[in-house]
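Observations on the model geometry
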Amino acid sequence: MLKKKSISASKASLVLFLCQMISALDVPLDSKLLEELSQPPTITQQSPKDYIVDPRENIVIQCEAKGKPPPSFSWTRNGTHFDIDKDAQVTMKPNSGTLVINIMNGGKAEAYEGVYQCTARNERGAAISNNIVIRPSRSPLWTKEKLEPNQVREGDSLVLHCRPPVGLPPPIIFWMDNAFQRLPQSERVSQGLNGDLYFSNVQPEDTREDYICYARFNHTQTIQQKQPISVKVFSVDSLNDTIAANLSDTDIYGAKPVTERQPVLLTPTGSTSTKVELRGNVLLLECIAAGLPTPVIRWIKEGGELPANRTFFENFKKTLKIIDVSEADSGNYKCIARNILGSAHHVISVTVKAAPYWITAPRNLVLSPGEDGTLICRANGNPKPNISWLANGVPIAIAPEDPSRKVDGDTIIFSHVQERSSAVYQCNASNEYGYLLANAFVNVLAEPPRILTPANKLYQVIADSPALLDCAYFGSPKPEIEWFKGVKGSILRGNEYVFHDNGTLEIPVAQKDSTGTYTCVARNELGKIQNEVQLEVKDPTMIIKQPEYKVIQRYGQVSFECIIKHDSTLLPAVIWLKDNNELPDDERFLVGKDNLTIMNVTDKDDGTYTCIVNTTLDSVSASAVLTVVAAPPTPAVIYARPNPPFDLELTGQLERSVELSWIPGDENNSPITNFVIEYEDGLHEPGVWHYQTEVPGTQTTVQLKLSPYVNYSFRVIAVNEIGRSQPSEPSEQYLTKSANPDENPANVQGIGSEPDNLVITWESLKGFQSNGPGLQYKVSWRQKDVDDEWTSVIVANVSKYIVSGTPTFVPYEIKVQALNDLGYAPEPSEVIGHSGEDLPMVAPGNVQVHVINSTLAKVHWDPVPLKSVRGHLQGYKVYYWKVQSLSRRSRRHVEKKILTFRGNKTFGMLPGLEPYSSYKLNVRVVNGKGEGPASPDKVFKTPEGVPSSPSFLKITNPTLDSLTLEWGSPTHPNGVLTSYILKFQPINNTHELGPLVEIRIPANESSLILKNLNYSTRYKFYFNAQTSVGSGSQITEEAVTIMDEAGILRPAVGAGKAMASRQVDIATQGWFIGLMCAVALLILILLIVCFIRRNKGGKYPVKEKEDAHADPEIQPMKEDDGTFGEYSDAEDHKPLKKGSRTPSDRTVKKEDSDDSLVDYGEGVNGQFNEDGSFIGQYSGKKEKEPAEGNESSEAPSPVNAMNSFV
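Described in the following lines is the structure provided in the data block. The structure displayed is predicted, hence computed values, not measured ones. (Residues numbered from 1 in each chain as written. Predicted model: local features only at pLDDT ≥ 70, side-chain atom pairs only at ≥ 80, totals over all residues. Heavy atoms only, no water.)

**With respect to the overall build of the protein chain**
- Broken down by element type, the protein chain carries nine helices and 86 strands.
- Relative to its full complement of 1206 residues, the protein chain shows a buried share of 42%.
- Taking as baseline every contact in the protein chain between residues at least 6 positions apart, the subset at least 24 positions apart corresponds to 66%.
- Surface summary for the protein chain: the accessible area is close to 64,300 Å², and the carbon and sulfur share equals 51%. (Helix = DSSP H or I, 4+ residues; strand = E, 2+ residues; numbered from the N terminus. Buried < 20%, exposed > 50% of the residue type's maximum accessible area, 1.4 Å probe, protein only. Contact = heavy atoms within 4.5 Å. Areas by Shrake-Rupley, 256 points an atom, 1.4 Å probe, with all protein chains shown as cover.)

**Considerations on the nonpolar core**
- Within the largest apolar cluster, 30 residues are counted, with the highest numbers of intra-cluster contacts made by Ile59, Ile61, Trp75, Ile101, Tyr116 and Ile134.
- Contributions of two or more residues to this core are made by strand 3 (50–53), strand 4 (59–61), strand 5 (63–68), strand 6 (72–77), strand 9 (99–101), strand 10 (114–122) and strand 12 (132–136).
- A total of three residues in this core trace back to one element, the largest contributor, which is strand 10.
- The residues contacting tryptophan 75, other than those within four sequence positions of it, are Ile61, Gln62, Cys63, Thr80, His81, Phe82, Met92, Gly97, Leu99, Tyr116, Gln117 and Cys118. (Core = buried A, V, L, I, M, F, W, Y, C linked by side-chain atoms within 4.5 Å.)

**Re the packing of aromatic side chains**
- According to the stated counting rule, one finds 21 aromatic pairs in the structure shown.
- Grouping aromatic residues by their ring pairs yields a cluster made of Phe174, Phe180 and Tyr214.
- One Lys or Arg, arginine 208, reaches over the ring of tyrosine 211 and ends 5.7 Å from the middle of that ring.
- A cation sits over an aromatic face here: lysine 815 above tryptophan 790, 4.3 Å from the ring centre. (Phe/Tyr/Trp six-rings, centres within 6.5 Å; stacked < 30°, edge-to-face > 60°. Lys NZ or Arg CZ within 6 Å of the ring centre and 35° of its normal.)

**Section: the sheet that holds strand 31 (residues 373–376)**
- Spatially, the three strands line up as an open sheet ordered 31-36-35, and their pairing is antiparallel. What marks the edges here is a single partner per strand, and that holds for strand 31 and strand 35 (405–408). Across this sheet, the average inter-strand angle for adjacent strands is 20 degrees, counted without regard to direction.
- The pairing of strand 35 with strand 36 (residues 411–414) spans four bridges and is antiparallel. Its bridge partner lying in strand 36, valine 407 is registered against isoleucine 412. (Pairing = 2+ DSSP bridges. Axes fitted to C-alpha atoms, helices over the stretch in contact; angles between N-to-C directions.)

**Observations concerning the sheet that holds strand 59 (residues 657–663)**
- Spatially, three strands are ordered 58-59-62 in an open sheet, and the strand pairing comes out antiparallel. Looking at strand neighbours, the two that pair on one side only are strand 58 (646–651) and strand 62 (701–705), the edges of this open sheet. Within this sheet the neighbouring strands show an average axis-to-axis angle of 25 degrees, counted without direction.
- Across four bridges, the pairing between strand 58 and strand 59 is antiparallel. When the bridges of strand 59 are listed, glutamate 649 appears paired with serine 661.

**Thoughts on unusual backbone geometry**
- Between leucine 168 and the following residue, proline 169, the backbone shows a cis peptide bond with an omega angle of -10 degrees.
- Note the cis peptide between leucine 292 and proline 293, where omega equals 0 degrees.
- Among the secondary structure elements, proline 293 is positioned in the loop between strand 24 (288–292) and strand 25 (296–301).
- In this model, asparagine 78 sits at a positive phi of 55 degrees, which is unusual for a non-glycine residue.
- Looking at the secondary structure, you find asparagine 78 in the loop between strand 6 and strand 7 (80–81).
- Using a relative accessible area of 48% as the deciding quantity, one classes asparagine 78 as partly exposed.

**Concerning a nonpolar patch on the surface**
- Taken together, the side chains of Leu1081, Leu1084, Ile1085, Ile1088, Val1089, Phe1091 and Ile1092 present a nonpolar region at the surface, about 660 Å² in accessible area.
- Tracing the sequence through the fold places phenylalanine 1091 in helix 6 (residues 1070–1095).
- Classification of phenylalanine 1091 by relative accessible area gives exposed; the value is 53%. (Patch = residues over 30% accessible without salt bridge, like charges linked within 9 Å, V, L, I, M, F, W, Y side chains within 5 Å. Salt bridge = Lys/Arg side-chain N within 4 Å of Asp/Glu carboxyl O.)

**Overview of the pairing of strand 78 (residues 917–927)**
- Among the 11 residues that make up strand 78, 10 are buried, leaving the element largely enclosed by the rest of the structure.
- By the bridge criterion, four bridges tie strand 78 to strand 79 (residues 938–941) in an arrangement that is antiparallel. Looking across to strand 79, one finds that lysine 920 is bridged to valine 939.

**Describing the state of the cysteines**
- The full count for this structure, using the stated rule, is six disulfides.
- Two residues share a disulfide in this structure: cysteine 162 and cysteine 213, whose sulfurs sit 1.9 Å from each other. Because the sign of the S-S torsion sets the handedness, a value of about -70 degrees for the bond joining cysteine 162 and cysteine 213 places this disulfide among the left-handed ones. Here the residue cysteine 162 occupies a position in the loop between strand 14 (158–160) and strand 15 (172–176), and cysteine 213 occupies one in strand 18 (residues 208–217), the gap between them amounting to 51 residues.
- Residue cysteine 162 is classed as buried on the basis of its relative accessible area of 0%.
- Take cysteine 213: its relative accessible area is 0%, and that puts it in the buried class.
- The residue that forms a disulfide with cysteine 287 is cysteine 335, at a sulfur-sulfur distance of 1.8 Å. Across the S-S bond of cysteine 287 and cysteine 335 the torsion is about -65 degrees, and the bridge reads as left-handed. Here cysteine 287, found in the loop between strand 23 (283–286) and strand 24, pairs with cysteine 335, found in strand 28 (residues 331–339); they are 48 residues apart in sequence, far enough to count as distant.
- In this structure cysteine 287 comes out as buried when scored by relative accessible area, which is 0%.
- Look at the protein chain and number its bonded cysteines as they come in the sequence; the links are 1-2, 3-4, 5-6, 7-8, 9-10, 11-12. (Disulfide = S-S within 2.5 Å.)

Rendered as structure tokens:
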């Protein structure tokens, strides 16, 4: 684990010059050089063009400039010279052009209205400021007017006019009631851009007498109030009652009921209007409509789309807001107001003009005598701006002639300049909507070369690393740079050196022989200068013996070596780390010159130890791992927790401290490592013990810091490696005096619960933190970056305060300060909170879906602008759902799925899709309030996939050489089925598989008859479906063709399906065939003997024949279970399961045998199981009744005898 890095000592000092890449006559940022070079004036700071001032404060008009020599300043007012010496109220700051107009000592701001311009001048030219228009802010009072009460019928529209006084700048309008609460607004009631309050239709709850319009003038921090407006809404019922009271019974009376009305636009009026806005500004268009039900407003742009990410809807979509407008936003915008009765619309023709804006602003030009150059001034606007030039503040047409200068429209061309050509040129680009003014100087310098790098500067590098030698320079014309090694060495050339444009010499791989003196020479036509620097190349630092992996027993001693080799002129510093952190502060760790020793090793010492060697030029490191294992067994020693300390004593009681001492209890064979001191506050939390501090186990006294207004008791707990002791008995109580709070509440937060409030919360101080009685909190807040005054309230016994009437999601500065009866806590720190969030306004745009495969897709979208999120961006939600399967063309219940992507992600993966299906999705942005509007639904389709397995495979109608297969189509085809693939192969008696046969079946088939199969043979079938993509999973089944009729076992019919499978297996076994041959031979011999005895005329009683020739159908069977005595298989009696070798519907019918079931069972006593298997032989009877017809004297047929065993 050896690491090495090299640090060039000269790197930091060269950063500036390597980044500058000095061009022909760029002036380096060298303070000494800048002090010596002449330079025309440059305006560095000025007041804004439209400067609205507070009439109650002094007027400060800024004008700062730099130049060499320092410039002097003068002013014009309204186009004429402004002599500040003649006005006692006006002063100019020293070494500055900034004017201070004293208003607070009797001056009037109105007297100083006008257009001001500053000029900064020195011997090389004059720079001018913008025209600064000074206007004092105005906040006039509301004109008094007599306001008549508004009486309006329920359902009618209403407009309450504000008509605020004309101020400078215009005031901010809002409506409130007498309790200074903002009036609630909705789609039905809202404030227009002109400040009026519009009711689309009035309701009885709108009746009130305190509709008050307020105008806030921010510059003067004043609020003007209009007289309250009264509104009374008459409902239809009350109106009828009033009419009835004034008319006789015979009169016809009655007000019309509230009728629904189609929308009518309240503002703007007419069907069309026009709007002109400037490029870069915010375009605001408004439509407010009357109607019942309340109309809904919708905006469209004729012949185009509303600009994405710059369009916002405000005031319940009644206001269309487009930020940063450009000429492309010109066009016709239509607002449509609609309710269930109809619609109304208005078209606003928007024209976007543009004040001048820069395409190429002129830049300062530094030339040497005889050189050429150009100043370019290009601007655009609508209408196109006019370009005019000034020289030193004078129109260039009347400025002094300069033969080296030629004006060509927006360009000034300079040829063969001389020092007298130095000047400051102004470019003015103006149209009817504004102007741009830029200063650019032409500075002609004739300067001999200068080298700015200190002489004999020493550079030190490590061998085999780069070396960078500085030669920062300046001259006019630009000097040429050459490097030499040694005082009289030859010029350096070749690939082993790199020469940078800023004069730096780079040696990519410095070697020991690169050490020496290097000379930099700078020359131009005005002179030559040289400078020497020194380079020293050092040997690298190496660790020649690294620390090694160690395994040590617990309580042993271990040592790591770290022997180094370094350059003799460098001083190395060795640092040891444990797990990349500092070594524990433990006396067991001993750091030597070349090693680290750990005494009395414990399990905590396990880890990685690293030796780091640092010099001023490089650093190397090496690491090793220490593993601690258990020590060998030792005689058993009983270890236990220590006994509790005792005899606690308090001494040296002071207001904020006390000394506690105690006597330790028995250690119980494990040294006490530390003591834990706890305290109880009997005044605020009696019975609750808190952690105070802890001290090493060798210490029995401690100085404790105390808080005011706490009734202390202390106890001590001893700790060793086994555990903690029981607490000691409590000490005596000590009550401290009251004081101001020492701390303020923690975890102060500001989070809005509604869009128009700010909920300030904090953690209340605990009882002992109050430092005295009467704990309260001073809650203060102000809107951030608005320069408002702090608003404060004092509360008690709460940890929350709600500020209402706030703008939606704006930052606030918040602080909470504790106080009690004795005073305040220290000034609290400020935290930043936010007022309540509202639902996002804009849906993500440009939603794109890339289908990766049949079950996975990737969705992309453009992020929503943060301003439209209106809250903390939590992420995006993707809603997607399956519309239909393309293979079945059938719709089903739509189950929407939701994926959430945290943060400002703009893409996500959609897993688990179904192949060959049509999906829809949309994307919504999420903040703390909830979800924003959904993007338009995006439709995408997944490609085909492989199908699932067929739903079933059933094998029926077995014959000697054929089987019938029936199947069901896949539950999930995942595409268009092209075919089915059937594979099958025979299985012999040892369960070995035979050759595999494959058949392709058309997709529209659902059954198949397989012919030309071998009789009495088991086959295994593999069946799967295919689409154009490939084959799906397969389903398997096994079945058996039936035997030749001559070989059917009649008694086996009663055994049912369970016997059928086994009979086939036994009948084909070689040993079984041999046994049958032997039995046949024995029967033949018996027949011959009987034939001989009969021919001799002997009697052959029936009983003897039965005893000698028992029924071959019964003889080989066991009496208890009816199975073959020697060849039975327990599996034969198990019920068949799905996939067993015998098909579930395979049965032996009567026509399959020459004999009836009664011949082979128990007559009518035979029974069948539910699955069709015969259970007569298993009914529990121990003795088999003799079968009918067995008393015949005729000998059994050899063929029948053999059949009874098959």
